[in-house]
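# Structure at a glance
Now for the letters of each chain:
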Amino acid sequence: MGLDIRIKNLQFHHVPGSRVDAEIRAGEVVGITGANGAGKTEMLRLIAGILRPKSMGEIMIDGLDPFHGRDLEKLHRRIGFLQQSPKDTMVFSKMIQDAPFGPENQAVDPDVIRKRWEGLKGRLLTGIPENRDFDTLSGGQQQRAALVSVLMLRSQILLLDEPTSMLGRKEGQEVLQLVLKLAKRSEQTVLLVSHDPEVLKRADRVLLLEGGTLRRVRKAEIAAITAAMGASAKAPAKASGRKGAGSEEEKTAGTTGATREGEKPDGSAPGQMAGLVNPLDQFAYESKTDPVNDSVAVTSRSGEGAVRWIMKKRPVSMSPMITLRDVTVRYGRNTVAEHFHAEVCPGGYYEMTGGTGSGKSTLCKLMNGTLFASAGEVVVNGMRLPMAGEKRKTFFGKKDPGLGAVRRFAGYAMQSPEDQLFETSVIFDVMCGPLHAGRRAMEARQDAEEALREMEIPETLWERRPERLSAGEKRRVAIAGILAMHPRVLILDEPYAGLDAEGCWIIRKTIRNYVNQNRAVVVTTHG
């Protein structure tokens, strides 16, 4: 049986003037949405007792106070919290170790634990070896594994922070349907944070967190609200801080209200919801009419479907910047990608699509020299990279610029931004790349500020510790860290995961600007 949750006068740390009041009934599924940085994750952490409020607001869960030591110990046994970063949820390095850990601590009978594990493994972890190291799993597989560990607890309250953000749409719907079915059967109380209208529509009711307050919204309004987050601050072709960001015609259209050909007066394209305009529409149009841009399926032995390499915009030159030729990658006995062919050329925009675990992130790492192929050939900026097992010092030699030059040429923004953020402040973190590339401190600072403005990170966040940012803000800061090095090829691994509509617009605008400068962009997506 679920538990009631009552919140009164709750104040968030980084949302001035916030005052949150809410009542969630036992057994209810409540969706929570709002822009990146609105405080959604902080709210869940306050309910779970991981954080304390800025001022002493009140949270009561079935008469228990998460800010009271003795009550918190009881509540930890009643609350299951799936955090937005799967790595923050996991304790052990392997699923087979992590999944039973919580129930064992609750003294659940071993036979019951085994039955729970077998049932959930068969539904959520099909095709994933239970002894695989967590770090070798794809982002979507990690999210499934973390979800299994939470569901094993059979908690009375489920806190789910973007539970499908790393999954494809169909896959995410199937996983969510299973989770909510189990929750209804056990009468669990569920708080579900998401930006996806299709996810939110499965909740009994939806709350919008905006300006530090919660208000209820009708399900019919969800799609319009999520699409319009931040739209009031955006013109269809807003100029960027980076050189070459847009033409004078685009800037004029954004400031005078003039519309481009084919746009509606509100700035949206025909058949598109009013609000933010996708800056990549020009590329999508080309891909429908240009036979050169037909997608090419590439075989994969992951068991999760083939990776597809799709040219979304014709390059200005066919002289390759990166070449993957007949590439195969293995993790031990597991073959992740096999006989993969791809070329990245100046001015081209490419997308890799495929199911969870199909090898998209692995292929990104090959292009950046973060990972080495088991067979085949990888050439970056005319430099052939070593194969797995080859000694790098012997391969590169003393005079060769080595992997540092490769990674400055092909900048890789990882799927989990937490893997890139390690400094004491946002500005210092973004400066790290230019400093390691030999830039002086003042020049590195200028590069960092330019990149942060490109990602539209407010100056009020520049001195904040990265771990105190929202997940969407972390992702944009991590990408800014790559932009600050001015790579010729920009590789973005699932850049839209966990972002609101405004964040997605910023990423798309950056891709357009980069390609228009005759550089190249590679993006992974579930399609």
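Residues numbered from 1 in each chain as written. Predicted model: local features only at pLDDT ≥ 70, side-chain atom pairs only at ≥ 80, totals over all residues. Heavy atoms only, no water.

### Quick word on the overall build of the protein chain
Quick note on the threshold: Only DSSP runs of H or I with at least four residues qualify as helices, and only runs of E with at least two residues qualify as strands; both kinds are numbered from the N terminus onward. Any residue under 20% of the maximum accessible area for its type is buried, any over 50% is exposed, and the rest in between are partly exposed; the area is computed with a 1.4 Å probe on protein chains only. By definition, residues are in contact when any of their heavy atoms lie within 4.5 Å. Computed with the Shrake-Rupley method and a 1.4 Å probe, the accessible areas treat only the protein chains shown as cover for residues.
Counting its regular elements, the protein chain contains 19 helices and 19 strands. Of all 527 residues assigned to the protein chain, the portion counted as buried reaches 56%. Sequence separation of 24 or more characterises 68% of the internal contacts of the protein chain that already satisfy a separation of 6 or more. For the protein chain, the accessible area works out to roughly 23,300 Å², and carbon and sulfur atoms hold 49% of it.

### A word on helix α18 (residues 471-483)
Heads up, the condition is: How far a helix is expected to stretch is found by multiplying one less than its residue total by 1.5 Å.
Here α18 is 13 residues long and its end C-alpha atoms lie 19 Å apart, about the 18 Å a rise of 1.5 Å per residue gives. Among the 13 residues in α18, 13 count as buried, and that is most of the element.

### Some remarks on the pattern of salt bridges
Short version of the rule: For this document, the term salt bridge refers to a Lys or Arg side-chain nitrogen within 4 Å of an Asp or Glu carboxyl oxygen.
Overall, the coordinates contain 21 salt bridges when judged by the stated rule. With its nearest N and O atoms 3.4 Å apart, the salt bridge here joins Arg169 to Asp196. Of this pair, Arg169 sits in helix α8 (residues 169-186) while Asp196 sits in the loop between β7 (189-193) and α9 (197-200); the two residues are 27 residues apart in sequence, bridging distant segments of the chain. Among the residues examined, Arg169 registers a relative accessible area of 53% and is labelled exposed. Where Arg453 meets Glu459, a salt bridge forms, and the shortest distance between an N and an O atom there is 3.3 Å.

### Quick look at the sheet that holds strand β12 (residues 322-331)
In plain terms, the rule: What makes two strands pair is DSSP finding at least two bridges between them.
Read from one edge of the open sheet, four strands run β13-β12-β15-β16, paired in antiparallel fashion. Each having just a single partner strand, β13 (334-344) and β16 (383-384) make up the two edges of the open sheet. Sheet topology note: the strand β15 (residues 375-380)/β16 ladder contains two bridges and is antiparallel. Bridge pairing in β16 links Val380 to Met383.

### Some points on helix α1 (residues 40-48)
For α1, the buried fraction is high: eight of the nine residues fall into the buried class. Within α1, the full set of buried residues consists of Lys40, Thr41, Glu42, Met43, Leu44, Leu46, Ile47 and Ala48.

### So, the sheet that holds strand β9 (residues 213-217)
Heads up, the rule is: Under this scheme, a helix contributes an axis fitted over its contacting stretch, all axes are lines through C-alpha atoms, and angles between N-to-C directions fall in the 0 to 180 degree range.
Pairing in this open sheet of six strands is mixed, and the strands run β5-β6-β7-β3-β8-β9 from one edge to the other. The open sheet has two free edges, formed respectively by β5 (79-82) and β9, since each of these has just one partner strand. Each strand axis lies, on average, 20° off the axis of its neighbour in the sheet, ignoring direction. Note that strand β3 (residues 29-33) and strand β8 (residues 205-210) share four bridges and pair parallel. If you follow Gly31 over to β8, its bridge partner there is Val206. Taken strand by strand, α1 contacts β3, β5, β6 (157-161), β7, β8 and β9, and its axis lies near 155° from that of β6.

### Notes on the nonpolar core
Here is the rule we go by: As used here, the term nonpolar core means buried Ala, Val, Leu, Ile, Met, Phe, Trp, Tyr and Cys residues forming a set that is joined through side-chain atoms within 4.5 Å.
Ranked by size, the top nonpolar core spans 41 residues in total, and within it Leu124, Leu125, Leu147, Val148, Leu151, Leu160 and Val190 carry the most contacts. Residue assignment for this core shows that the elements contributing at least two residues are α6 (110-124), α7 (139-151), β6, α8, β7, α9, β8 and α10 (222-228). If one sorts the elements of this core by residue count, α8 sits on top with seven residues. Leu160 has contacts with Leu44, Leu82, Leu147, Val179, Val190, Leu191, Leu192 and Val193, leaving out every residue within four places of it along the chain. Ala451, Trp462, Leu469 and Val515 belong to the second largest nonpolar core, which has 37 residues in total.

### Some thoughts on a positive patch on the surface
Definition in use: Patch rule: a residue counts if its relative accessible area is over 30% and it has no salt bridge; like charges are joined within 9 Å, and nonpolar side chains (Val, Leu, Ile, Met, Phe, Trp, Tyr) within 5 Å. Working convention for charge: Lys and Arg count positive, Asp and Glu count negative, and His plus the chain ends are omitted. The atom standing in for a charge is NZ when the residue is Lys, CZ when it is Arg, CG when it is Asp and CD when it is Glu.
Taken together, the side chains of Arg123, Arg154, Lys181 and Arg185 present a region of like positive charge at the surface. Along the polypeptide, Arg154 turns up in the loop between α7 and β6.

### Focus: the packing of aromatic side chains
For clarity, the threshold we go by: Note on aromatic pairs: the rings of Phe, Tyr and Trp (six-membered ring only in Trp) are paired at centre separations within 6.5 Å, and the planes decide the class, stacked below 30 degrees, edge-to-face beyond 60, tilted for the rest.
Evaluation of the coordinates by the stated rule reveals three aromatic pairs. Here Trp309 and Phe340 contribute two aromatic rings whose centre-to-centre distance is 6.1 Å and whose plane-to-plane angle is 85°, an arrangement assigned as edge-to-face. Highlighted residues: Trp309 in strand β11 (residues 307-313) and Phe340 in strand β13, separated in sequence by 31 residues. For the pair Trp309 and Phe340, a shared accessibility class is recorded, and that class is buried. Each ring, one from Trp309 and one from Tyr350, has its centre 5.3 Å from the other, and the planes form 25°; the classification is stacked.

### Topic: the pairing of β9
Summarising the sheet, β8 and β9 pair through five bridges and their orientation is antiparallel. If you follow Glu210 over to β9, its bridge partner there is Thr213.

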